[in-house]
Amino acid sequence: MVMDCDLQDPPTLIPALYGKLQEGYDMTLAKRIERSHSPFRLIAARAYFKLMSKLTDEKVDGSYGSFSMLSRKVIDGFLKFEEKERHYLFILRWLGFRIGSVDYVHQARHAGRSSYTLIRLLRHAVDGMLFQASVLLRWIVGLGFLFALSGMATAVYLAWRGIFHGALPGWTSLAVLILVSTGAILVSLGIIGLYVGKVFDQAKQRPLYVVDVVKEARKSW
């Protein structure tokens, strides 16, 4: 059983989560149909999960939190991840086991204040993006190629303008040199970034797959 300690996740829902496991699901996630957070945090969370959906090429539902109940084999699969920064929900979805869902209303905080400040929330969001995939890195690589192509096109235009319409002495050559050099640097960094992304994926040492059920082969005599 995984839940927050501030009682915003009601313990009275635990029997319902357990009952869902008895229906044959491997894990049960609690879905918040109402949240008691501030409007700013709700808007920020919605924007974050939309960005994550773009990065992962699949819909990421921000209604789910850490409130959940896992079977033993899901726990064993989770423990195969040796990364230092592990994003709980992303690992659960990566494992691919059968997921049951139970709706509930997110309760107001009973006492005290949340230890998650704005800085910690931003850090958690960045860790989630870096944990999931190297898609963000590929976006940066694509942006580098876009700047490089734009620089080359602008360089051609400035050269044409300088030949047929004239320009200040030395200005066209300087602008062309800066644009082409910047484009070459960005492309070079982009290629290095692709290799860094491969190293990043390898360094995480995630399992290639997780076995759900092992069936013993019986010999027929």
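Just above sits the structure.
Small disclaimer: the values here were computed from a predicted structure and weren't measured. Here the residue index of a chain counts from 1 through its sequence in written order. Side-chain atom pairs in this predicted model are given and counted only at pLDDT of 80 or more, local residue features only at pLDDT of at least 70, and totals for whole chains, interfaces and linings cover all residues. Side-chain figures throughout are based on the complete set of non-hydrogen atoms in the structure, without hydrogens or water.

A short note on the layout of surface pockets
- A cavity here means a set of 1 Å grid points, computed over protein atoms only, where a 1.4 Å probe fits but cannot escape. A pocket is an open set with protein on both sides within 12 Å along at least 5 of 7 lines, and lining residues have an atom within 4 Å of a point. Grid points are joined across faces, edges and corners, and a volume is the space filled by probe spheres set on the points. Within this model, the second largest pocket holds a volume of roughly 250 Å³.
- Lining the second largest pocket are 15 residues, and of these Ala45, Arg46, Phe49, Gly62 and Ser63 sit closest to its centre.
- Numbering goes from the N terminus for both helices and strands, where a helix is a DSSP run of H or I of at least four residues and a strand is a run of E of at least two. Looking at the lining of the second largest pocket, the element that brings in the most residues is helix α2 (residues 39-56), giving 6 residues.
- In this classification, the charged set is Asp, Glu, Lys and Arg, the nonpolar set is Ala, Val, Leu, Ile, Met, Phe, Trp, Tyr, Cys and Pro, and all remaining amino acids, among them Gly, are polar. For the lining of the second largest pocket, the residue count by class is 5 nonpolar, 3 polar and 7 charged.

Some thoughts on the packing of aromatic side chains
- Aromatic rings from Phe, Tyr and Trp, with only the six-membered ring used for Trp, were paired whenever their centres fell within 6.5 Å, and each pair was classed as stacked if the ring planes differed by under 30 degrees, edge-to-face if by over 60, and tilted otherwise. On inspection of all chains with the given rule, the structure shows 3 aromatic pairs.
- When the centroid spacing of 5.4 Å and the interplanar angle of 80 degrees are considered together, the rings of phenylalanine 67 and tyrosine 104 count as edge-to-face. Here phenylalanine 67, found in strand β2 (residues 64-70), pairs with tyrosine 104, found in strand β3 (residues 99-105); they are 37 residues apart in sequence, far enough to count as distant.
- Classification of tyrosine 104 as buried rests on a relative accessible area of 5%.
- The interplanar angle of 90 degrees and the centroid separation of 5.1 Å between the aromatic rings of phenylalanine 81 and tryptophan 94 together place this pair among those described as edge-to-face. Highlighted residues: phenylalanine 81 in the loop between α3 (72-78) and α4 (88-95) and tryptophan 94 in helix α4, separated in sequence by 13 residues.
- Accessible area is worked out with a 1.4 Å probe on protein chains only. A residue is then buried under 20% of its type maximum, exposed over 50%, and partly exposed in between. Accessibility expressed as a relative area gives 34% for tryptophan 94, which makes it partly exposed.
- In this arrangement the basic side chain of arginine 93 is found over the ring face of tyrosine 64, its NZ or CZ atom lying 5.4 Å from the centre. In our convention, an over-ring charge means Lys NZ or Arg CZ found within 6 Å of a ring centre and within 35 degrees of that ring's normal.

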